[in-house]
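Each chain, written out:
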Amino acid sequence: MHNRFRLRKHLWATLLSFAVTSTARADCTGPASIQAELRTNPKAAAFVRLGKWFEVRHKYECAAEAYRSAVQLNPRSAQTFELLGTAMLALGNLSAAASAWQQSVKIDPGSIAPHLKLAKALEELGRGDEAKSEWETALKVDPKSVEALDGMSRHLIADGDYGAAIRLLLPAAENSAAKESLILDLAQAYGKSGMLDDAEALVRKSLAVRPSSLPLTSALITVLMNKRKLQEAKDVSGRFAESHPQDLEAQRLYLRVLVTAQDWDRETQLARKLLTAHPQDPYVLYATGVSELRAGDYSGAKLHLEQSVALDPNFAGAHFRLGLALVKLGDAPGAKREFEEVLKLGNAQPEAHFELAKVLNALGKNEEAQRELTIYREAVDLDAARSLAQARSDEAQREMSAGNAQKAAALYREALQATPEDALLHYKLSLALDSMGDTAGEHVALEKAVQIDPDMAIAQNQLGYLDSREEDYAAAEQHFQRAVRAAPDFTDAWINLAATLGMESKFAEAEQAIASALKLDPKNDQARQLKQDLTTAQERQK
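Below you will find a few notes about this structure. (Residues numbered from 1 in each chain as written. Predicted model: local features only at pLDDT ≥ 70, side-chain atom pairs only at ≥ 80, totals over all residues. Heavy atoms only, no water.)

Helix and strand counts for the chain come out as 30 helices and zero strands. On the principal axes, the C-alpha backbone points of the chain span a range of 85 × 80 × 55 Å. Classification of the 542 residues of the chain by burial places 45% in the buried group. Across the chain, the fraction of contacts at a sequence separation of at least 24, relative to all contacts at a separation of at least 6, is 46%. Accessible surface, the chain as shown: approximately 27700 Å² in total, 50% of it carbon and sulfur. For the chain, the distance from the average site of its 65 positive side-chain charges to the average site of its 75 negative ones is 7 Å. (Helix = DSSP H or I, 4+ residues; strand = E, 2+ residues; numbered from the N terminus. Buried < 20%, exposed > 50% of the residue type's maximum accessible area, 1.4 Å probe, protein only. Contact = heavy atoms within 4.5 Å. Areas by Shrake-Rupley, 256 points an atom, 1.4 Å probe, with all protein chains shown as cover. Lys, Arg positive; Asp, Glu negative; His and termini not counted. Charge placed at Lys NZ, Arg CZ, Asp CG, Glu CD.)

Okay, structure coming up:
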């Protein structure tokens, strides 16, 4: 005991010496009271207080050293690891921050804050699967956490799983008093899945409660632009800009709409006005350059567009317009550089390939030019097909809303001729066929949807329902299992899986499935009733 005490005192002395040395290197000096305490009785709590003292004063390197000393003395403190992660984040070391938060959640998995911090860090580090797991865990800790719902839905949208995002957000975001971030997430999921009418209705309902919200106004304008309602988009953005004359974001939003709608007279007037007040704003510089390029002032356009890309190098539109200006000024190598930068930034506009092909031809690089032209033609064909599919899908959705399922099915089939590998369109076709009572056709459409996207949980769930109705419980179970694997928060799929397992007399597995459903929705009457039914069925078998 005596030796262990001496060893511990030696460890404390070493840690204190390290802390004092490190602090000196970083030119850190803590308050005399804490420093004195650490010399006579060094404990983890004192190092934590020292770390917080440094953190308040934005001395994050010193704070991190203090927290490291604290966790060495008390390696089971989840809170200290969380504090260490926050300090490392402030120092710009995201990887170290994530490692600290991982330790925190291991020690205390029931605390939501480190899960949220870790999930965000993992997203930024490009570790998407791990981030998704943390979002899911955070939602299990607190299913109503706005931050967790926001993070998980953004992850699902980024993955293209719009249906799962919609299911996750609907209970929290469908009422007008919901948090704005969740409303915006749901509107985006609707928009990405082609449900533009639903997105518009949601945002308009929310704007009625928050008429001064710039993010909601911007979301409505995005929907209107996607629905090709350019005049209404101009009217909405114009009124908002007029009612917020000192708000640069509101003015910039109106300017964007004018540029997109090619309302050149008003765009030129507003761009000039904003440039005088905000000469260092990259979008205002861009809009000014666009106006000058259109008017034939190529030198002026080059100047302002160069300033725009210098301030915002990731703005593909400014690089593209700068390339056009350089072409007009006879600078083919400079134009080539700008068009290649557009493509590096992931810009999907076919015109960048076309303009690059022209410049390559001018430079005598004919083979490269031909390759760019081929890409351009393929992209144009794809864009045309997508536009046709979107138009037919929008029309079909209107027919479905009017109760004309047969006409909607025909329109969805036309859309699928243009884009046959669109899983969501196959699913929408299945809904129309279901309304018509065409079960066989519905089954084919759903099978095609999950063939393209095996993780489309809503399609897997419906296939399971159709199979269970035909008493093919083995096939139904497989589909329900895939549904809950793809979307662990899909309560209905868990209930359907439990019912199917019960029909197969797999009562232990059925109980686990119904427990998952009740964990997601403890007040679900259907799940409660099924749990009773499963208990009764087991008792009868005894």
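Turning next to the packing of aromatic side chains. Following the criterion strictly, the structure yields six aromatic pairs and no others. Each ring, one from Tyr283 and one from Tyr286, has its centre 5.3 Å from the other, and the planes form 50 degrees; the classification is tilted. In this pair, Tyr283 and Tyr286 are both assigned in helix α17 (residues 282-295), three residues apart and thus about one turn of the helix distant. In this pair, the class of Tyr283 matches that of Tyr286, namely buried. Here the aromatic rings of Phe354 and Tyr376 are separated by 4.9 Å at their centres, their planes lie at 35 degrees, and the arrangement is tilted. With Phe354 in helix α21 (residues 350-362) and Tyr376 in helix α22 (residues 366-401), the pair connects residues that are 22 residues apart, well separated along the chain. Take Tyr376: its relative accessible area is 22%, and that puts it in the partly exposed class. One aromatic cluster in this structure is built from Tyr283, Tyr286 and Phe315. In this arrangement the basic side chain of Arg167 is found over the ring face of Phe490, its NZ or CZ atom lying 4.2 Å from the centre. If you follow Arg256 out to its NZ or CZ, it ends over the ring of Tyr283, 4.0 Å from the centre. (Phe/Tyr/Trp six-rings, centres within 6.5 Å; stacked < 30°, edge-to-face > 60°. Lys NZ or Arg CZ within 6 Å of the ring centre and 35° of its normal.)

So, on to unusual backbone geometry. Within the chain, His58 stands out as a residue other than glycine whose phi angle is a positive 65 degrees. Tracing the chain through its elements places His58 in the loop between α3 (44-56) and α4 (60-73). On the basis of relative accessible area, His58 is assigned to the exposed category, the value being 57%. With a phi angle near 65 degrees, Ser505 is a residue other than glycine that sits in the positive phi range.

The next subject is helix α6 (residues 94-107). Structural remark: α-helix, 3.6 residues per turn; residues separated by three or four positions point the same way. Taking 1.5 Å of rise per residue, 14 residues should cover 20 Å, and α6 covers 20 Å from first to last C-alpha, within 8% of that figure. All buried positions along α6 are accounted for by Leu94, Ala97, Ala98, Ala100, Trp101, Ser104, Val105 and Ile107. In this fold, the buried residues of α6 make contact with α5 (78-90), α7 (112-124) and α8 (128-141). (Expected span 1.5 Å × (residues − 1).)

Before going further, it helps to spend a moment on the side chain of Arg252. Of note, Arg252 is situated in helix α15 (residues 248-261). We classify Arg252 as buried; its relative accessible area is 10%. Looking at Arg252, its side chain comes within polar contact range of the side chain of Glu249, at 2.6 Å. What Arg252 contacts, discounting residues up to four positions off in sequence, is Asp281 and Tyr283. (Polar contact = N/O pair within 3.5 Å; in protein donor to acceptor, adjacent residues only side chain to side chain.)

What follows concerns the pattern of salt bridges. Applying the stated criterion to the full structure yields 25 salt bridges. For Arg204, the salt bridge goes to Glu200, with nearest N and O atoms at 2.9 Å. Taken as a pair, Arg204 and Glu200 lie in helix α12 (residues 196-209) at a separation of four residues, close to a single helical turn. Residue class for Glu200 comes out buried when judged on its relative accessible area of 10%. The partner of Lys302 in a salt bridge is Glu306, and the shortest N-O contact between them spans 3.0 Å. In this pair, Lys302 and Glu306 are both assigned in helix α18 (residues 298-311), four residues apart and thus about one turn of the helix distant. The exposure class of Lys302 is partly exposed, given its relative accessible area of 26%. What emerges from the salt-bridge pattern is a single network uniting Asp197, Glu200, Arg204, Lys227, Lys229 and Glu232. (Salt bridge = Lys/Arg side-chain N within 4 Å of Asp/Glu carboxyl O.)

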